[in-house]
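What follows is the residue order along each chain.
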Number of protein chains: 2
Amino acid sequence: MPQTKILLDENEIPTHWYNVVADMPNPPAPPLGPDGQPVGPDALAAIFPEALIEQEMSAERWIKIPDPVREALNMWRPSPLIRAHRLEQALGTPARIYYKYEGVSPAGSHKPNTAVAQAYYNQQAGIKRLSTETGAGQWGSSLALAGQMFGLEVRVYMVKVSYEQKPFRRSMMHTWGAEVLASPSDQTEAGRSILAAHPDSQGSLGIAISEAVEEAASRDDTNYSLGSVLNHVLLHQTVIGQEAQKQFEKIGEYPDVVYAPCGGGSNFGGVAFPFFADKAAGKEVRLVAVEPTSCPTLTKGHYAYDFGDAIGMTPLMLMYTLGHDFMPPGIHAGGLRYHGDSALVSQLYHEGLIEARAVPQLGTFEAGVQFARAEGIIPAPESNHAIRAVIDDALACKESGESQVLFFNLSGHGHFDMAAYDRYFAGELEDFDYPEEAIEEALAHLPKVDAPA
Amino acid sequence: MPQTKILLDENEIPTHWYNVVADMPNPPAPPLGPDGQPVGPDALAAIFPEALIEQEMSAERWIKIPDPVREALNMWRPSPLIRAHRLEQALGTPARIYYKYEGVSPAGSHKPNTAVAQAYYNQQAGIKRLSTETGAGQWGSSLALAGQMFGLEVRVYMVKVSYEQKPFRRSMMHTWGAEVLASPSDQTEAGRSILAAHPDSQGSLGIAISEAVEEAASRDDTNYSLGSVLNHVLLHQTVIGQEAQKQFEKIGEYPDVVYAPCGGGSNFGGVAFPFFADKAAGKEVRLVAVEPTSCPTLTKGHYAYDFGDAIGMTPLMLMYTLGHDFMPPGIHAGGLRYHGDSALVSQLYHEGLIEARAVPQLGTFEAGVQFARAEGIIPAPESNHAIRAVIDDALACKESGESQVLFFNLSGHGHFDMAAYDRYFAGELEDFDYPEEAIEEALAHLPKVDAPA
């Protein structure tokens, strides 16, 4: 019986997070305020605890994971590394395919890896409540779980259209004790002003962020928590790639290519950055961020300073962006519908150190179904993007006869996304190649700040 | 960091199934035909392959698991044994609580353990298609997965009310390539006759069984597959208890009490029978089957010959029963709404070798939420029955100061049951203590066959 699952013991959960900044050829560009000057730590102190602000700015290679966070992670970690024997066989490929399965967390994705760290540091700072936004609900449920573990109240502003269409993600948050409000709500100035102008507003991630940030900024007992994009979030996710390195070492393998879906960047950063450290040390490994053709931030966006939110409340970040008022179509991979990308991922891509690839929606569901029929696990629509790229490359190996080692992060299961699979089977899904003109138009609204040379 | 998960390697998946019949003080009573005479293997050959019929009748203690079945099981097995440190702490109990987590299977419950075995033996017998019924959808999705793994077509007759209310279990079956029909359907005589009489019929498990059996009996290429109750099904589930024994051995623990929810009996038999072997060899261990007060088969039923289905098509089995036309109320643990019980479990209970306990619905959800908030995993409503019993006993330990080892089978996650949690939070769930008169009335319809002395 060929070995399928490569497991680690709980004492092999990483002891430190890996900070990619230490191995980047150039220091990251600082976020800028409305005045065009770099934003200092003080500007963030109203909504984040000091420890997280320090991590956000840190250039230290290794940052110790506090014991209570490691103990929280051991609720589901280490996650298994799985050899996709059955998929390889179905494809008839000589490639060896591996995936790290993050769907073993109670919330069903990689998101709790940072949620427990953020909840811990806020609890240590004496904070009693966290506010956050959620679109599809993956992040909101992860923070609900983490809040429950560290005794913090959690309020989630859930984009109204998701609140109505995804009631079971909402139920999950209730089960873990969180309060969930449809956004726009009447609980914040931001929400009330939107409702006054548009009583029937279905909400957006931008509005929900504004509500959650406003609440955190206006209450001393409350901080804000974000599930992707920021440096400290990507940092917390590096437990994924570090575990995978140990697991490959145990079986004497090493990946030729590492793939992950890329929306805000925490999934990709989490699995790929530890391998980037190897690459920086001379090892040959390709790192591929996979995004939807309908929201092609890395592959078609500009590298420029832009706002992180739709409304323009956040500091300006130097990143690949489609323009902060770019509205991606309603594809079924909510986690990948973001106009920008992590500054760290963007800089590595800009410097030619990682690759990016865009794949169309229908092809991702086709790949997801093929994967589910071979490997059993039904993947989240986001994860299907990486699977599409891996299957394409495995089939290329079949043509060429190459036996490459292809490794991807299976970031979550699709148990709360079955409506998307239904639409796929019913032939109701479409591909969206975003028209160049629409991108050009959104990019024309970029704030007038020059990127540093 | 205290150890939480006790893991096994893939090569520690059991090599044999354990057959409890070998250790029972008395041989099981044979099933009877309509003439009151024991039913022989031939009567079953139209719908089951020979290998499964042999297992159904076998008294051998150990039956070898074929290599392809062990390889299929390694898709998700061995499952973890988890020490519920966090729940213990929340309860403040000196009891040590452990659970085996079967929700790691792709279908989310223990059911695939027998589905892959049944699919394998049917494939070996040259069968091309399997027909089955499903209520809540757990069994249908498990057989869909197993059919996909062994190249068999699967048709699932899904009780119409579930077909409409649980669309995502249906999507899951589609993803694994199965055909799903709302039952009653127009594809069978049984379905058509029901529809003719009751065009608006919402279906029942009894009707769906009739449709699936009719299809299997009338087509040479098709067999029938059942997800619980029968001896061979319980046999296949004994991998759960055997793994748990190895896991307890690794940490030098042994349970004082083993708990599982009990509907048809495969969950309870799977985890408890291997411990019954220890008990038969002189070890002290209590085995507790937990059922709903709304369907109190073991605790309030009679030990008598009765039909396995609602309509009276199956052989008569000697078992605890509430009467084959007993209609349990629509509680949210569909897997426990069965008028009868496995003949093996029934006999062990009748002989005083195992215990049974009934718990009310509201208390099971309260226990499930408490468990989810401490341990992360959101349990299936069926599993909540075992959790209720364990929490009650852990609180009794707190009173008495006893440090008992309490172990239960967490048979599945609740990702497809969140609507039930919603109703619980909304205060819409009720307790049903089934009135004695209703039970007496159903028991008055028992077929007139005397149980052997």
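Residues numbered from 1 in each chain as written. Chains lettered and ligands numbered in written order. Predicted model: local features only at pLDDT ≥ 70, side-chain atom pairs only at ≥ 80, totals over all residues. Heavy atoms only, no water.

(A) Layout of the packing of helix α8 (residues 189-197) of chain B against helix α9 (residues 205-218) of chain B. All names here are of chain B. Between α8 and α9, the least distance of the axes is 7 Å, while the angle of their chain directions is 140°. From α8, Glu189, Ala190, Gly191 and Ile194 reach across to α9, where they touch Ile207, Ser210, Glu211 and Glu214. Here the contact of α8 with α9 is built from residues that sort into three nonpolar, two polar and three charged. (Axes fitted to C-alpha atoms, helices over the stretch in contact; angles between N-to-C directions. Helix = DSSP H or I, 4+ residues; strand = E, 2+ residues; numbered from the N terminus. Contact = heavy atoms within 4.5 Å. Nonpolar A, V, L, I, M, F, W, Y, C, P; charged D, E, K, R; others polar.)

(B) Quick peek at the sheet that holds strand β9 (residues 222-224) of chain A. Residue and element names in this part refer to chain A. With parallel pairing, four strands are arranged side by side in an open sheet as β8-β7-β6-β9. Edge positions in the sheet fall to β8 (179-183) and β9, since each of these pairs with one other strand and no more. Taking each pair of neighbouring strands and ignoring which way they run, the sheet shows an average axis angle of 25°. Sheet topology note: the strand β6 (residues 129-134)/strand β7 (residues 153-159) ladder contains six bridges and is parallel. Bridge pairing in β7 places Ser131 opposite Arg155. Running over the sheet, helix α5 (residues 138-149) touches β6 and β7 and is turned about 165° from β6. Across the sheet, helix α9 (residues 205-218) is in contact with β6, β7, β8 and β9; its angle to β6 comes to roughly 170°. (Pairing = 2+ DSSP bridges.)

(C) Quick look at helix α1 (residues 50-57) of chain A. Residues and elements named next belong to chain A. The complete set of buried residues in α1 reads Leu52, Ile53, Gln55 and Glu56. Along the axis of α1, the buried residues cluster in a sector spanning 160°; they form a single face. Projecting away from the buried face of α1 at angles above 90 degrees are the exposed residues Glu50 and Glu54. (Buried < 20%, exposed > 50% of the residue type's maximum accessible area, 1.4 Å probe, protein only. Arc of directions from axis to C-beta.)

(D) Representation of the sheet that holds strand β8 (residues 179-183) of chain B in the model. All names here are of chain B. An order of β8-β7-β6-β9 is seen for the four strands of this open sheet, with the pairing classed as parallel. The strands lining the two open edges of the sheet, one partner per strand, are β8 and β9 (222-224). The mean inter-strand angle of the sheet, taken between neighbouring strand axes irrespective of direction, is 25°. In the sheet, strand β7 (residues 153-159) pairs with β8 via five bridges, with the strands oriented parallel. In the sheet register, Tyr157 faces β8, and the bridge partner there is Leu181. Strands in contact with α9 are β6 (129-134), β7, β8 and β9; relative to β6, the strand with the most contacts, it is inclined by about 170°.

(E) Representation of the pattern of salt bridges in the model. All names here are of chain A. For the structure shown, the criterion picks out 42 salt bridges over all chains. Ionic pairing is found between Arg77 and Glu243, a salt bridge with its closest N-O pair at 2.8 Å. Of this pair, Arg77 sits in the loop between α2 (67-73) and β4 (81-83) while Glu243 sits in helix α11 (residues 239-251); the two residues are 166 residues apart in sequence, bridging distant segments of the chain. Pair check on accessibility: Arg77 and Glu243 agree, each one buried. With a shortest N-O distance of 2.9 Å, Glu366 and Arg388 are connected by a salt bridge. Placement of Glu366 in helix α15 (residues 361-375) and of Arg388 in helix α16 (residues 381-400) is noted, with a sequence separation of 22 residues between them. When its relative accessible area of 10% is taken as the criterion, Arg388 is described as buried. What you see here is one network of salt bridges that share partners, running through Arg129, Glu153, Arg155, Glu179 and Glu215. (Salt bridge = Lys/Arg side-chain N within 4 Å of Asp/Glu carboxyl O.)

These values are about where atoms sit, not about what they do.
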